[in-house]
Amino acid sequence: MPILRYSAASPYARKARIAAELCGFGASLTLEGASATDPADSLRAQNPLGKVPTLILESGETIYDSRVICDYFDLLAGGGKLIPTEPAARVAALTLQALGDGINDAALLIRYEITRAENLRDPSWIALQQGKIDRALAELNAHPPAFPVAIGHIAVACALGYLDLRFAGAWREAHSALAVWLDEFAREVPVFEATRAV
Ligand SMILES: N[C@@H](CCC(=O)N[C@@H](CS)C(=O)NCC(=O)O)C(=O)O
């Protein structure tokens, strides 16, 4: 059985778990928690970058990052399940994935920064990252992604879930259309709620 090294709070790992489920591999995946900060954790031997998610195949080969893992599940499921094969739809889905992942990238950088000692924090760096999140949320709120679900929808949902988890859902107040969209996504994709970190 393939093993997914993950952490419950990681939005990228959540994306990979949701993709596995939607591609029909949820039950055949072994989840194994990983610590990216513990040098003794085997994660660093499995993935030199020491990041989750990392997928370990039965052959021992490892696959990272979340985009490659999701692509792998999609291909294994026959292709076109989450990543459309038609060029325009494919580019749109992958671009939406980049937007969702980009929100996560910026949110994580902010989180790392605000957990440093106060005198080491750089407000301008935080503002730079926050600008990316604000612009992405404004764009998504103005144009919530149309269904059916593809990889971009999952990435965006996981990003919003991460903002809920780490930033107390502050995004919701100014982005009500996007909050409605996330509710609809959660109804369409029950594993979203099942993978929510507490
Ligand atoms: N682009 C990567 C990002 C993965 C990532 O940054 N994961 C975080 C957890 S949310 C991590 O492992 N951080 C540890 C580190 O950067 O050392 C992906 O899509 O998988």
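Conventions we followed
- Residue positions are given per chain, counted from 1 along the sequence in the order it is written.
- Reporting in this predicted model follows two pLDDT cut-offs: at least 70 for local features of residues, and 80 or more for side-chain atom pairs to be given and counted; totals over whole chains, interfaces and linings ignore these cut-offs and use all residues.
- As a convention, hydrogens and water are excluded, and side-chain values are obtained from all of the structure's heavy atoms.
- Put simply, DSSP H or I for four residues or longer makes a helix, DSSP E for two residues or longer makes a strand, and each gets a number counted from the N terminus.
- Both definitions apply: the radius of gyration is a C-alpha atom measure, and the globule rule equals 2.2 Å times residues to the power 0.38.
- For the exposure calls, accessible area comes from a 1.4 Å probe over protein chains only, and a residue counts as buried if that area is under 20% of its type's maximum, exposed if over 50%, partly exposed in between.
- The contact rule is simple, with two residues in contact once any of their heavy atoms fall within 4.5 Å.
- The accessible surface values rely on the Shrake-Rupley method and a 1.4 Å probe; as for residues, cover is taken only from the protein chains in view.
- Strands are treated as partners if at least two bridges between them are detected by DSSP.
- Handedness rule for crossovers: strands pointing away from the viewer, path from the first strand over the helix to the second running clockwise, crossover right-handed.
- In these notes, residues near a molecule or strand are those with any non-hydrogen atom within 4 Å of it.
- N or O atoms closer than or at 3.5 Å make up a polar contact, with two conditions inside protein: a donor-capable atom paired with an acceptor-capable one, and, for residues adjacent in sequence, both atoms drawn from side chains.
- Residue type decides the class: Asp, Glu, Lys and Arg count as charged, Ala, Val, Leu, Ile, Met, Phe, Trp, Tyr, Cys and Pro as nonpolar, and the leftover types, Gly among them, as polar.
- Fitting a line to C-alpha atoms yields each axis, with helices limited to the stretch in contact; the angle taken between N-to-C directions then spans 0 to 180 degrees.
- Only Phe, Tyr and Trp rings are paired, with Trp represented by its six-membered ring, and only when their centres lie within 6.5 Å; those with planes under 30 degrees apart are stacked, over 60 edge-to-face, the remainder tilted.
- Two conditions define a charge sitting above a ring: the NZ of Lys or the CZ of Arg must be within 6 Å of the ring centre, and it must be within 35 degrees of the ring normal.
- Each domain span listed reflects an automatic or database assignment of domains.
- Once two parts are joined, some of their accessible surface, as seen by a 1.4 Å probe, is lost; buried area is that loss totalled over both.
- Basic side-chain nitrogens of Lys or Arg form a salt bridge, by our definition, when they fall within 4 Å of a carboxyl oxygen of Asp or Glu.
- Patch construction takes residues with relative accessible area above 30% that form no salt bridge. Like charges are linked within 9 Å, and nonpolar side chains (Val, Leu, Ile, Met, Phe, Trp, Tyr) are linked within 5 Å.

### Description of the overall build of the chain
In step 1: The helix and strand inventory of the chain stands at eight helices and four strands.
In step 2: When the helices and strands of the chain are read in sequence order from the N terminus, they spell out β-α-β-α-β-β-α-α-α-α-α-α.
In step 3: Here the chain has a C-alpha radius of gyration of 17 Å; the compact-globule value for 198 residues is 16 Å, and the two agree.
In step 4: Dimensions of the chain, computed from C-alpha atoms along their principal axes, come out at roughly 45 × 40 × 30 Å.
In step 5: Taking all 198 residues of the chain together, the buried fraction comes to 44%.
In step 6: A fraction of 66% describes how many contacts in the chain between residues 6 or more apart in sequence connect residues 24 or more apart.
In step 7: Surface exposure of the chain reaches about 10000 Å², of which carbon and sulfur atoms provide 57%.

### A look at the pairing of strand β1 (residues 3-6)
In step 1: The pairing of β1 with strand β2 (residues 30-33) spans four bridges and is classified as parallel. Opposite Leu4, over in β2, you have Leu31 as the bridge partner.
In step 2: Handedness of the β1-helix α1 (residues 11-22)-β2 crossover: right-handed.
In step 3: Pairing geometry for β1 and strand β3 (residues 54-56), over three bridges, is antiparallel.

### Considerations on the site of the ligand
In step 1: The environment of the ligand is made up of Ser10, Pro11, Tyr12, Ala36, Lys51, Val52, Pro53, Asp65, Ser66, Leu108 and Tyr112.
In step 2: Within the backbone of Val52, one N or O atom sits 2.8 Å away from a nitrogen atom of the ligand.
In step 3: Interatomic distance of 2.6 Å between a side-chain N/O atom of Ser66 and an oxygen atom of the ligand.
In step 4: Relative to its free-state accessible area of 510 Å², the ligand is covered by the protein chains to the extent of 78%.
In step 5: Contributions of two or more residues to the shell around the ligand are made by α1 and α4 (87-114).
In step 6: Here the residues of the shell around the ligand are counted per class, giving seven nonpolar, two polar and two charged.

### Comments concerning the sheet that holds strand β4 (residues 62-63)
In step 1: As summarised here, the arrangement of the four strands in space is β2-β1-β3-β4, forming an open sheet in which the pairing is mixed. The sheet is open, and its two edges are formed by β2 and β4, each paired on a single side.
In step 2: Strands in contact with α1 are β1 and β2; relative to β1, the strand with the most contacts, it is inclined by about 155°.
In step 3: Sheet strands in contact with helix α3 (residues 66-76) are β1, β3 and β4, and its direction is about 45° off that of β3.

### Structural notes on the packing of aromatic side chains
In step 1: Taken as a whole and assessed by the stated rule, the structure comprises five aromatic pairs.
In step 2: Taken together, a centroid distance of 6.0 Å and an interplanar angle of 35° make the contact between Phe25 and Phe73 tilted. In this pair, Phe25 sits in the loop between α1 and β2 while Phe73 sits in helix α3, placing the two residues 48 residues apart along the sequence.
In step 3: Each residue in the set Phe147, Trp181, Phe185 and Phe192 is aromatic and connected to the rest through ring pairs, giving one cluster.
In step 4: Its guanidinium or amino end placed over the ring of Phe192, Arg14 lies 3.9 Å from that ring's centre, counting from NZ or CZ.

### Focus on the domain arrangement of the chain
In step 1: The assigned domain composition of the chain is domain 1 (3-76) and domain 2 (87-189).
In step 2: The distance between the C-alpha centroids of domain 1 and domain 2 comes to 21 Å.
In step 3: At the interface, eleven residues of domain 1 touch 17 residues of domain 2.
In step 4: Summed over both partners, the interface of domain 1 with domain 2 buries about 1200 Å², with 67% contributed by carbon and sulfur atoms.
In step 5: Linking domain 1 with domain 2 are two salt bridges.

### Points about a nonpolar patch on the surface
In step 1: On the surface, a cluster of nonpolar side chains totalling about 390 Å² of accessible area is made up of Leu109, Tyr112, Trp125 and Leu128.
In step 2: Counting only elements with at least two residues in the nonpolar patch, the list comes to α4 and α5 (123-142).
In step 3: Looking at the element boundaries, Leu128 is found in helix α5.

### Re the side chain of Gln46
In step 1: Relative to the helices and strands, Gln46 is located in helix α2 (residues 43-46).
In step 2: Only 2.7 Å separates the side chain of Gln46 from the side chain of Arg5, close enough to count as a polar contact.

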